[in-house]
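A structural walkthrough
Spelled out, the chains give:
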Amino acid sequence: MKIKRILVAIAISFCSFILYITNVQHLKSMKLIVSKPKSVQLHNSSSSSLATKSQSEEDFIVAKNSDHQLIEPIKNNVDLMTPFQVAVQGLNFNKKASIYNKKNSLEVGNILKLFILLAYHKALLEKNPKLTKPYKVMAGDVKGKGLIVNTSYAYPFLIQQMMYHNSNDAANILVKVLKLEYINKVAAELGAKSTKIINSFDQKDVGQTTANDMITIFTKLYRRQILTVNDCNLILRLLNTYPNKGLAAGIPGICHYISDDNASCCLVNKNGKVYIIAAIGGDKNRFNQLGKDVYNVIAMHK
């Protein structure tokens, strides 16, 4: 009996050995193939554009009571994927629109020269003694053209240089004399509560403002609700000769405007209709067409 068990165990061991050898030979004859995973195309070009459109549509806000006829020309002329604010306000007719994807103030440049102009006229009304004597230009004041070192200039001349020739040197001198804190304080007092000059005018980003702040100031200038009537008239006159037309470039006739590479505001008085367009961000190259398209929509409005 014991011998029989030993023979059975030997037989089982022999069979297991034969099976192992067979499997080894089979594995040796096989090739291991590693397949590199292919990149997966998640969407084609058409679905990509649809996705972009869907994303952009979720990223901007149309303000309540906005005129739907004005929304389309605005959407068509701004880059919806960059920070922007655009507002249109009728002053003698009931038509307005506001569309934005960032509600807080945005970085701007030379458009803030408007607030130097406002602070200058306010300082004159307050009889600031610094403005009674000419300013002598120093070497550190001059980085561009238009002003000569060791030459004295009356402040009205510096204002004209800033507005007629877009002089950053003149703007920086006026900021130095009027003081940054005073200019920002006047801006807030006049209704531009989200507007602030932070850097000098030879910097790319001089400060911040909003489309609503620009609408507010231009509205008050038109209605002569700030400073004096004469001050408002003088400021508006300076605002129809500014070199950078921005939105006004696409609008026929005389406009009052101020612009830079990232912002533009324009007061339009045409065919009995008075309105303001303000745009910040959203692609400066489209300001011209934006102004033109909004003008065409309002021109058809009865």
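In the block above lies the structure referred to throughout.
A brief look at the structure comes next. (Residues numbered from 1 in each chain as written. Predicted model: local features only at pLDDT ≥ 70, side-chain atom pairs only at ≥ 80, totals over all residues. Heavy atoms only, no water.)

1. A look at empty space enclosed by the protein
Applying the stated rule across the entire model yields 1 cavity of 30 Å³ or more. One number sums up the size of the largest cavity: a volume of about 30 Å³. As for the largest cavity, its lining consists of Lys270, Asn271, Lys273, Tyr275, Tyr295, Ile298 and Ala299. Broken down by secondary-structure element, the contributors of at least two residues to the lining of the largest cavity are β11 (273-281) and α10 (287-300). Looking at the lining of the largest cavity, the element that brings in the most residues is α10, giving 3 residues. Residues of the lining of the largest cavity, tallied by class, amount to 4 nonpolar, 1 polar and 2 charged. (1 Å grid on protein atoms, 1.4 Å probe; cavity = no way out; pocket = protein on both sides within 12 Å on 5 of 7 lines; lining within 4 Å. Points joined across faces, edges and corners; volume = space filled by probe spheres on them. Helix = DSSP H or I, 4+ residues; strand = E, 2+ residues; numbered from the N terminus. Nonpolar A, V, L, I, M, F, W, Y, C, P; charged D, E, K, R; others polar.)

2. Thoughts on the environment of proline 73
By the secondary structure assignment, proline 73 is in helix α3 (residues 68-76). Once the C-alpha coordinates of proline 73 and asparagine 296 are considered, the two residues, 223 residues apart in sequence, prove to be 9.5 Å apart. Those residues in contact with proline 73 that lie beyond four places of it in its chain are Leu290, Asp293 and Val297. (Contact = heavy atoms within 4.5 Å.)

3. Focus: the sheet that holds β11
The 6 strands lie next to each other as β1-β3-β2-β11-β10-β9, forming an open sheet whose pairing is antiparallel. A single partner strand is all that each edge strand has here, and the edge strands are β1 (61-62) and β9 (255-259). Across 5 bridges, β9 lies against strand β10 (residues 263-270) in antiparallel orientation. Following the sheet pairing, tyrosine 257 is matched in β10 by cysteine 266. (Pairing = 2+ DSSP bridges.)

4. Quick look at the pairing of strand β3 (residues 96-100)
Across the 5 residues of β3, 4 count as buried, placing the element largely inside the fold. Of the strand pairs in this sheet, β1 and β3 are connected by 2 bridges, and their pairing is antiparallel. Looking across to β3, one finds that valine 62 is bridged to isoleucine 99. Note that strand β2 (residues 84-90) and β3 share 5 bridges and pair antiparallel. Counted as the bridge partner of glutamine 85 is tyrosine 100 from β3. In this structure, the hairpin formed by β2 and β3 is closed by a connection of 5 residues. (Buried < 20%, exposed > 50% of the residue type's maximum accessible area, 1.4 Å probe, protein only.)

5. Topic: the pattern of salt bridges
Applying the stated criterion to the full structure yields 7 salt bridges. Two residues, aspartate 67 and lysine 95, come together in a salt bridge whose shortest N-O distance is 2.9 Å. Here aspartate 67, found in the loop between β1 and α3, pairs with lysine 95, found in the loop between β2 and β3; they are 28 residues apart in sequence, far enough to count as distant. Connected through shared salt-bridge partners, Lys122, Glu126 and Glu189 make up one network. (Salt bridge = Lys/Arg side-chain N within 4 Å of Asp/Glu carboxyl O.)

6. Looking at the sheet that holds strand β8 (residues 207-209)
Hydrogen bonding along the main chain pairs the strands of a sheet, whether they run parallel or antiparallel. A sheet is described by the order of its strands in space; here 3 strands give the open sequence β4-β8-β7, paired in antiparallel fashion. Every interior strand has two partners, whereas the edge strands, β4 (106-108) and β7 (196-197), have only one. As paired elements, β7 and β8 share 2 bridges and run antiparallel to each other. Within β8, the residue paired with lysine 196 across the bridge is glutamine 208.

7. Some remarks on the nonpolar core
Among the nonpolar cores identified, the biggest contains 89 residues, and Leu114, Phe115, Ile116 and Leu221 are the most heavily contacted of them. Top element by residues in this core is helix α4 (residues 113-125). It accounts for 8 residues. Those residues within four positions of isoleucine 116 in sequence are excluded, and the remaining contacts are Met162, Ala171, Leu174, Val175, Leu178, Ile183, Ile197 and Phe201. (Core = buried A, V, L, I, M, F, W, Y, C linked by side-chain atoms within 4.5 Å.)

8. Topic: the layout of surface pockets
The method is simple in principle: a probe with the dimensions of a water molecule rolls over the atoms, and the space it marks as empty is what remains. There is about 460 Å³ of room inside the largest pocket. Per-element tally for the lining of the largest pocket: the top contributor is β4, with 3 residues. The class makeup of the residues in the lining of the largest pocket is 5 nonpolar, 10 polar and 8 charged. Of the pockets and cavities examined, the second largest pocket occupies roughly 210 Å³. When the residues that make up the lining of the second largest pocket are grouped by side-chain class, the tally is 6 nonpolar, 4 polar and 1 charged.

9. Describing unusual backbone geometry
If a residue is not glycine, its phi is most likely negative; likewise, a peptide bond is most likely trans. For asparagine 150, which is not a glycine, the phi torsion comes out positive at approximately 65 degrees. Within the secondary structure, asparagine 150 is located in the loop between β5 (135-136) and β6 (152-153). Residue asparagine 150 is classed as exposed on the basis of its relative accessible area, which comes to 57%. For asparagine 166, which is not glycine, the phi torsion reads 55 degrees and is therefore positive.

The quantities given are spatial measurements derived from coordinates; they are silent on function.
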